[in-house]
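Observations on chain architecture
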Amino acid sequence: MNNEQWTEYLFWNGQSVSKELPLISGKDRGFLTGEGLFETLLVRQKPLFLKQHLHRLQKSAIQLGYKEMDWETLAQQLWDWASLDSGRLRITLSAGNQEGSPFAPISGPSQILASLSPYTPSVPKFIQVQTLLQSRSWIHRHKSTSLAETCYLARQKGENYEFLLVDPTHQWILEGLSHNFFFFQKKTLCTPALELPILPGITRAFLLRLWEDRIQEGSFCQNVEMECPFLCNSLIGIVPIHQINGQKTNGSDSSAFERLQKRYQEFVSESASASSFC
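Residues numbered from 1 in each chain as written. Predicted model: local features only at pLDDT ≥ 70, side-chain atom pairs only at ≥ 80, totals over all residues. Heavy atoms only, no water.

Burial runs high along helix α6 (residues 202-210): seven of the nine residues are buried. When we look at burial in α6, the residues that qualify are Ile202, Thr203, Arg204, Phe206, Leu207, Leu208 and Leu210. (Buried < 20%, exposed > 50% of the residue type's maximum accessible area, 1.4 Å probe, protein only. Helix = DSSP H or I, 4+ residues; strand = E, 2+ residues; numbered from the N terminus.)

Now the structure itself:
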């Protein structure tokens, strides 16, 4: 599968299909009520963190009452299907077709749609962040396809501009629109705790395992002293923040940040040469 073919083929419930083939039923709950989940992965010859992404997807599906499916078979199918080129893999899980009232228990089998497209991470040289007070609910702990609010906010921000969401009650920093948030305090790697209404990011978890020095997960206010704040997710990796609410940060000018970024980049390079799914 070369790059020219990628935008022409999709993966639908275990089979590679043409993008011209109509797939979604008019009864699909993901389409009608937004009951769906998704994962987005970086592909570097192989999908990075495929097992971890599917585990998060499965955990959310169980908690939200979706019908059980064969996750091991799906993992192997996706690994084989999306392992020949580099780009972006999007996996979408719909709760299945709606029968009767949308408030009735989910009865039909879940539907899986995956798409592959060319992607080369492009990290801006200068990232500025504005904090935004926003109430968050339990759904934000899941990678839900109900993204109307996030998409609206994303359209409001300018180029190389990101929002950093802040809890309006306690003024605690939460996360970006589609990124987890980190910063250093000397050699301590700090990030908002999962007890807060944030997404349990795959890259977030990996960075916490990767860092060999001190780690602090907690509740941090906007005025906390921080060095080298940065954002992360599965597609962009690690991106330093250079300005918060108009105030300059020290960006990536830190030996600790450089060490962490180098380790992460080494992992991505090594993963590209992996030959089997594990």
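The next thing to look at is the environment of Tyr152. Inspection of the secondary structure assignment puts Tyr152 in helix α5 (residues 148-156). Owing to a relative accessible area of 47%, Tyr152 belongs among the partly exposed residues under this scheme. Along the sequence, Tyr152 and Ile238 sit 86 residues apart, while their C-alpha atoms lie 24 Å from each other.

As summarised here, the arrangement of the five strands in space is β9-β8-β7-β15-β16, forming an open sheet in which the pairing is mixed. The open sheet has two free edges, formed respectively by β9 (173-176) and β16 (247-248), since each of these has just one partner strand. Here two bridges tie strand β15 (residues 243-244) to β16, and the two strands are oriented antiparallel to one another. Bridge pairing in β16 places Gln243 opposite Lys248. (Pairing = 2+ DSSP bridges.)

On to the pattern of salt bridges. This model, assessed by the stated rule, comprises eight salt bridges. Here Lys27 and Glu99 are joined by a salt bridge, their closest N and O atoms 3.8 Å apart. In this pair, Lys27 sits in the loop between β2 (15-18) and α2 (29-32) while Glu99 sits in the loop between β5 (87-94) and β6 (111-117), placing the two residues 72 residues apart along the sequence. Looking at Glu99, the relative accessible area reads 44%, which means it is partly exposed. (Salt bridge = Lys/Arg side-chain N within 4 Å of Asp/Glu carboxyl O.)

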